[in-house]
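# Survey of secondary and tertiary structure
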Amino acid sequence: MEALWLTHEQAEMIAAQARAEAPREACGLIAGVDERALEVMPIANAAPDPLHHYHMDEAQMTRAMFDFERRGLTVIGIYHSHPQGDPIPSSVDIRQATYPDTAYLIVGLKGTEPQLAAWSIRAGQVERVDLHIGFDAPTERPTRLSRAQIAAIVISAVLAFALMLALSLSLLPPAPVIVTPVR
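Residues numbered from 1 in each chain as written. Predicted model: local features only at pLDDT ≥ 70, side-chain atom pairs only at ≥ 80, totals over all residues. Heavy atoms only, no water.

## Section: the overall build of the protein
Scanning the protein from terminus to terminus reveals four helices and seven strands. Reading the secondary structure of the protein in the N-to-C direction produces β-α-β-β-α-β-α-β-β-β-α. Here the C-alpha atoms of the protein give a radius of gyration of 27 Å, more than 25% beyond the 16 Å that 2.2 N^0.38 yields for 183 residues. When burial is assessed residue by residue, the protein has 34% of its 183 residues classed as buried. Only carbon and sulfur atoms are counted for the fraction: they give 61% of the accessible area of the protein, which is about 12000 Å². (Helix = DSSP H or I, 4+ residues; strand = E, 2+ residues; numbered from the N terminus. Rg over C-alpha atoms; globule rule 2.2 N^0.38 Å. Buried < 20%, exposed > 50% of the residue type's maximum accessible area, 1.4 Å probe, protein only. Areas by Shrake-Rupley, 256 points an atom, 1.4 Å probe, with all protein chains shown as cover.)

## A closer look at the nonpolar core
Judged by nonpolar contacts, the single largest core of 17 residues is most densely connected at Leu-29, Ile-43, Tyr-54, Met-56, Phe-68, Ile-78 and Tyr-104. Among the elements of the structure, β2 (27-33), α2 (58-70), β5 (103-108) and β6 (115-122) are those that each provide at least two residues to this core. Discounting chain neighbours no more than four positions away, the residues touching Ile-43 are Gln-17, Cys-27, Gly-28, Leu-29, Met-56, Asp-57, Gln-60, Met-61 and Ala-64. Of all hydrophobic cores here, the second largest spans 16 residues; its members include Leu-6, Ala-37, Ala-118 and Val-129. (Core = buried A, V, L, I, M, F, W, Y, C linked by side-chain atoms within 4.5 Å. Contact = heavy atoms within 4.5 Å.)

## Looking at the pattern of salt bridges
Enumeration over the complete set of coordinates arrives at six salt bridges. In this structure, Arg-19 and Glu-12 form a salt bridge, with 2.6 Å as the shortest nitrogen-oxygen distance. Looking at Glu-12, the relative accessible area reads 41%, which means it is partly exposed. Between Glu-39 and Arg-71 there is a salt bridge, and its shortest N-O distance comes to 2.6 Å. Of the two residues, Glu-39 sits in strand β3 (residues 36-43) while Arg-71 sits in the loop between α2 and β4 (74-82), which places them 32 residues apart along the sequence. Its relative accessible area of 19% is what places Glu-39 among the buried residues. Take Arg-71: its relative accessible area is 38%, and that puts it in the partly exposed class. (Salt bridge = Lys/Arg side-chain N within 4 Å of Asp/Glu carboxyl O.)

## Some details on the pairing of β3
Of the pairings in the sheet, the one linking β2 to β3 comprises seven bridges and is antiparallel in character. When the sheet's bridge partners are listed, Gly-28 is paired in β3 with Pro-42. If you look at the hairpin formed by β2 and β3, you'll find two residues sitting between the two strands, and Asp-34 has a positive phi there, around 55 degrees. (Pairing = 2+ DSSP bridges.)

## Brief notes about the environment of Thr-62
The topology assignment puts Thr-62 in helix α2. A sequence separation of 62 residues divides Thr-62 from Gly-124, and the C-alpha atoms of the two residues are 25 Å apart.

Here is the structure:
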């Protein structure tokens, strides 16, 4: 997922839950279509140490996922809070991430105001996800090229240059014969 789009009310609902449950970590699901969130569902934190970790209540989470599916929604985000920290995935968050096509939204409560940030976590690799909060659709983002696409472009350019050089050399007239006068 490259972006996550929440309304102001959805973002405030998540932040309010994080503040209300502090110092425990709050957690929940975000359902929607594509990148657009249509519903935020708080889920109880059933972790043995909820002050430092989150683990969604499995029964509540399963019911929510079936309900979303029945209504044509998919889980596009999983959120939790860091009551004493920044909205950056911890090593435990990275290790326990099991939904690679889902945004992981973290609410950091370290400062005076909650900070929200979204992340893509896939096979231990973490990338920032564009988080858009507002009523209007996010503006078009420039498409990012992958490393494979960049490599293909560079290889194509080198091959095109070599082909043009070979073609140019083949079109040159033959070198003139230089006759030296015999003395």
